[in-house]
2 protein chains.
Amino acid sequence: MEQTDTALTQMGQLERVTLGERAYLKLRQLIMSGKLAPNEKLSLRSVAEALGVSIMPVREAVTRLVAEGALSLLPNRAISVPLMTRAKFEELLRIRTEIEGFAAAEAAVHRTSRDLKLILDYDKDFRDAVGKGDSEVDSSLQLNKELHFAVYEAAGSPILVSIIEGLWLKVGPVINLDLRASQRLASGNAETHHARLVEAIINQDGNAARAAVVADIRSSGEFILGSNQLWTNLPEPA
Amino acid sequence: MEQTDTALTQMGQLERVTLGERAYLKLRQLIMSGKLAPNEKLSLRSVAEALGVSIMPVREAVTRLVAEGALSLLPNRAISVPLMTRAKFEELLRIRTEIEGFAAAEAAVHRTSRDLKLILDYDKDFRDAVGKGDSEVDSSLQLNKELHFAVYEAAGSPILVSIIEGLWLKVGPVINLDLRASQRLASGNAETHHARLVEAIINQDGNAARAAVVADIRSSGEFILGSNQLWTNLPEPA
DNA sequence: AGTCGTGATCTGTGATCACATATTAACTCA
DNA sequence: TGAGTTAATATGTGATCACAGATCACGACT
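Undergrad: Just checking my understanding: could you explain the interface of chain B and chain A for this structure?
TA: Quite often, the size of an interface is put as the accessible area lost when its parts meet. On the side of chain A, 28 residues touch chain B, which itself brings 28 residues to the contact. In terms of surface lost to chain A, no three residues of chain B exceed R94, E98 and I159 of chain B, which account for 22% of the buried area on that side. Applying the counting rule to chain B against chain A returns four salt bridges. At the junction of chain B with chain A, the criterion picks out seven residue pairs in polar contact (both at pLDDT 80 or more). Those elements that place two or more of their residues in the side of chain B that touches chain A are α4 (55-67), α5 (86-110) and α8 (158-181) of chain B. Of the residues forming the side of chain B that touches chain A, the biggest block, 10 residues, is contributed by α5 of chain B. Residues that form the side of chain B that touches chain A fall into these classes: 12 nonpolar, four polar and 12 charged.

Undergrad: Quick question: what am I supposed to make of the sheet that holds strand β2 (residues 72-74) of chain A here?
TA: Strands in a sheet are paired, the pairing made by backbone hydrogen bonds, and the direction either parallel or antiparallel. Residue and element names in this part refer to chain A. The three strands lie next to each other as β1-β3-β2, forming an open sheet whose pairing is antiparallel. Bordering the open sheet on either side are β1 (41-42) and β2, each of which pairs with just one other strand. Bridge count for β1 against strand β3 (residues 78-80) is two bridges, and the pairing is antiparallel. Within β3, the position partnered with L42 by the bridge is I79.

Undergrad: I tried to follow the nonpolar core on my own but got confused; where do I start?
TA: A general tendency of soluble globular proteins is for nonpolar side chains to be buried together. I99 and Y152 of chain A together with I99 and Y152 of chain B are the most contacted members of the largest nonpolar core, which has 118 residues in total. Excluding residues that lie within four positions of it along the chain, I99 of chain B makes contacts with I99 and I163 of chain A together with L160, I163, I164 and L167 of chain B.

So, how was this worked out
Note on numbering: residues in each chain are counted from 1, in written sequence order. For this description, chains carry letters from A and ligands carry numbers from 1, given in the order in which they are written. A pLDDT threshold of at least 70 governs which residues receive local features in this predicted model, and a stricter bar of 80 or more applies before side-chain atom pairs are shown or counted, although totals over entire chains, interfaces and linings include all residues. Computation of side-chain values covers all heavy atoms of the structure but excludes hydrogens and water. Contacts: residue pairs with any heavy atoms within 4.5 Å of one another. Buried area is understood as the total, over both parts, of accessible area removed when two parts are fitted together, assessed with a 1.4 Å probe. Every case where a carboxyl oxygen of Asp or Glu lies within 4 Å of a side-chain nitrogen of Lys or Arg is listed as a salt bridge. Think of a polar contact as two N or O atoms within 3.5 Å of one another; within protein, one of them needs to be a possible hydrogen donor and the other a possible acceptor, and neighboring residues in sequence only count if both atoms come from side chains. In this description a helix means any DSSP run of H or I spanning at least four residues, a strand means any run of E spanning at least two, and both kinds are numbered starting from the N terminus. Lys, Arg, Asp and Glu make up the charged group, whereas Ala, Val, Leu, Ile, Met, Phe, Trp, Tyr, Cys and Pro make up the nonpolar group; the residues left over, Gly among them, are polar. Pairs of strands are assigned from DSSP output, requiring at least two bridges between the strands. Residues enter a nonpolar core if they are buried and are Ala, Val, Leu, Ile, Met, Phe, Trp, Tyr or Cys, with the set joined through side-chain atoms within 4.5 Å. With a 1.4 Å probe rolled over the protein chains alone, any residue whose accessible area is under 20% of its type maximum counts as buried; one over 50% counts as exposed, and the rest are partly exposed.

Right under this line is the structure:
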């Protein structure tokens, strides 16, 4: 079974992406970027038709997303984007500060120079996008996400990253729906927090990195808590 | 829409458990309790036959478990219980101490008297089961789990609990497979840590609760790291 | 008008079929 | 005896069918 290190052994397996996986990624992206509004309902068949596949792959994707809490399966057999309550949002905020703070601290300590370079790049891209103003809100939100995850990846713990992805998936719709409306108010703080975060990671200062991430999360969280009166009392849509 | 409070309004919805859900719970329990050994392979059709259903519910269950990392989908189209490496086990240990420690601290602060009563009950049951010796290893492991989760539930954060469930699901096979062999060595420490944990929760001392849980996790973790040479280098079975 | 039944339509769930691909068995040839 | 090849079996993935239950629209009756 042993082989000399030929080109064959290095070729790497060509990835098999099933339709279910692609449907999952597509829906996931839609949800996380806020393209699907909370309480929006969707059906297997309509999504399947939109994606040009049968309902089977969609079933698989929806099953996963429901298991992760990114979609909700109402007792009436209806699939919907779960609507956020103030209490749940605050719960997520508490958990995120703890876990993402931990990840940032680990990242600061364990980062490689490669990690650092990536983080610096994303930070620069983010500042550029924000500088361009409202025309780049979508991409600046995207870059904000990529910067955060570049940091979390640097912690060298895939499991931790996947946990955080799950949290962002839950909080994604509200964050993006809200911040897209008025990005400017929050982005000013974001740049400050990001600067502190990057500096902490450069200095490999775990506590400072944690503090910066916590402040960033709290800042955007409080902004949304203050600006959005919608989901405070919204049991049912009109 | 408003109704007087008649028997109809109190009846409560009768829960709808799909076959897929039941298959998921069954497999999940098997995995978490170590009944399925790491690297054990299983097929949709064989599981379906064992459960007396078609493969559809099994597909759904397996899909979820794979998404949670509790099962692994090999590139050869084979479903297997993922085998643990030393590095991954240590990674899980680090994450668990952080997250479960946080949950315990929150629990100590936010617990109600109802929560406390439940925790005390489970603690007593656990000590009883351990006292009965090796005949009760399975139930003492089960009670250990229930005690831990009674604590985590007391934090009042369902999302946090589900995250921890995911971690136990990943770490379950190894833990149970190993501890079942020689429960006695670890349980002595466990009782000590549990006692400290319970006391901290009584006193609503968050830091002490966190320290106790962290010590408990580290203790059992190091026991397994020391006793089990298996998965250090086990790329393939015979 | 307001309420209740009734039919049509749409929903998720489960079973079955179809298929490309892996795994294994048997076999051939050296 | 052993390597290479072929036939057979088993696998996950995807599509389609069947069905119970939910939703909605329309109409009848009070």
